[in-house]
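Listed below are the residues making up each chain.
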Amino acid sequence: DAPQWLSEHAMAIDCAKPDAVSVRIDTTKGPIFMTVLPKWSLFGAGRFLQLVDDGYFEDIAIYRAIDHGLLQFGIVQANDPRSKRYQKIPDDPLVGVPYAEGVVSFAAAGPGTRKSTICIMKADFRTQLGKGALGTPSTETPFGMVAPESMAIMHSIACLGDIPQCGGRGPCPGKLE
């Protein structure tokens with residue numbers, strides 16, 4: 001069965017509710033404002049907000065930027081004190097949030113591996129990600145949405161392409177300083 005996706009209108013209503021949390025991420029291209037929604041992903045939203053409050057993302061590069069794809073950031077070297085500070089979080093159940101343009105989630109390497117690496121979708125990936133049945137635990141659980149006024153800045157961010165582990169010529173996350 002195909003997933004029952006929330007509509008763009010329903011997602012906008014969720015983003016305007018009182019329990020939605022606004023976050024600003026400063027980039028060299030300008031600020032990206034996003035809305036974090038614990039309703040969409042309790043563990044994911046909680047961890048992201050913890051990382052923001054702790055200053056985890058300060059001086060961290062966006063190391064993966066794929067045109068019509070995604071942005072990815074949040075990796076630190078093993079000798080960085082931040083690398084051991086956080087444990088992996090459990091997967092959240094899918095609630096029908098599509099992997100649409102502007103959706104924010106964790107990157108994961110399989111079940112139970114979400115920790116600190118964030119993806120922002122620059123295109124619609126609903127045919128590839130988050131396709132499980134509603135209520136199914138998933139590593140692919142969106143927790144936020146880029147604000148409409150920040151979409152142009154999000155799309156302006158580019159780097160050398162995809163990471164070598166995915167066949168690209170971009171920077172290797174394991175070698176970032």
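Everything discussed here concerns the structure shown above.
Read on for an overview of the structure. What you are looking at is a predicted structure, and each value in this text was computed from that prediction instead of being measured.

Glancing now at the layout of surface pockets. The computed volume of the largest pocket comes to approximately 600 Å³. Contributing to the lining of the largest pocket are 30 residues, with Gln72, Ala107, Ala108, Ala109 and Thr117 lying nearest its centre. Elements that contribute at least two residues to the lining of the largest pocket include exactly strand E3 (62–65), strand E4 (70–73), strand E6 (103–106) and strand E7 (118–121). Considering only enclosed or pocket space, the second largest pocket measures out at about 510 Å³ in volume. Those elements that place two or more of their residues in the lining of the second largest pocket are strand E1 (21–27), strand E2 (30–36) and E3.

Judged by nonpolar contacts, the single largest core of 27 residues is most densely connected at Met34, Phe48, Ile118, Ile120 and Phe143. Counting residues per element, the ones that place at least two in this core are E1, E2, helix H2 (42–53), E4, E6, E7 and helix H3 (151–156). Broken down by element, this core gets its largest block of residues, four residues, from H2. Setting aside residues no more than four positions away along its own chain, Met34 makes contact with Val21, Ser22, Val23, Ile25, Phe48, Val104, Ile120, Met145, Val146 and Ala147. Grouped together as the second largest cluster of nonpolar side chains are 14 residues, Ala20, Tyr99, Val103 and Ala123 included.

Here we come to the sheet that holds E4. Across the sheet, seven strands lie side by side as E1-E2-E9-E6-E7-E4-E3; this open sheet has antiparallel pairing. At either margin of the open sheet sits one strand with a lone partner, and together these are E1 and E3. When the angles between neighbouring strand axes are averaged without regard to direction, this sheet yields 25 degrees. The pairing of E6 with E7 spans three bridges and is classified as antiparallel. By the bridge assignment, Val104 is partnered in E7 with Ile120. The strands touched by H2 within the sheet are E1, E2, E6 and E7, with E1 carrying the most contacts at an inclination of about 50 degrees.

With the rule as written, the count across this model stands at six salt bridges. Taking the shortest distance from any N to any O, the salt bridge between Asp14 and Lys17 comes out at 3.5 Å. Lys17 gets classed as partly exposed once you look at its relative accessible area, which sits at 34%. Across the salt bridge formed by Asp91 and Arg114, the nearest N and O atoms sit 3.9 Å from each other. Taken together, the positions of Asp91 in the loop between E4 and strand E5 (92–93) and Arg114 in the loop between E6 and E7 put the pair 23 residues apart, joining distant regions of the chain. On the accessibility criterion, Asp91 (18% relative accessible area) is buried. Exposure remark for Arg114: the relative accessible area of 0% places this residue in the buried category. Three or more residues joined by partner-sharing salt bridges are found here, namely Asp14, Lys17 and Lys39.

Conventions adopted
- Residues numbered from 1 in each chain as written.
- Predicted model: local features only at pLDDT ≥ 70, side-chain atom pairs only at ≥ 80, totals over all residues.
- Heavy atoms only, no water.
- 1 Å grid on protein atoms, 1.4 Å probe; cavity = no way out; pocket = protein on both sides within 12 Å on 5 of 7 lines; lining within 4 Å.
- Points joined across faces, edges and corners; volume = space filled by probe spheres on them.
- Helix = DSSP H or I, 4+ residues; strand = E, 2+ residues; numbered from the N terminus.
- Core = buried A, V, L, I, M, F, W, Y, C linked by side-chain atoms within 4.5 Å.
- Buried < 20%, exposed > 50% of the residue type's maximum accessible area, 1.4 Å probe, protein only.
- Contact = heavy atoms within 4.5 Å.
- Pairing = 2+ DSSP bridges.
- Axes fitted to C-alpha atoms, helices over the stretch in contact; angles between N-to-C directions.
- Salt bridge = Lys/Arg side-chain N within 4 Å of Asp/Glu carboxyl O.

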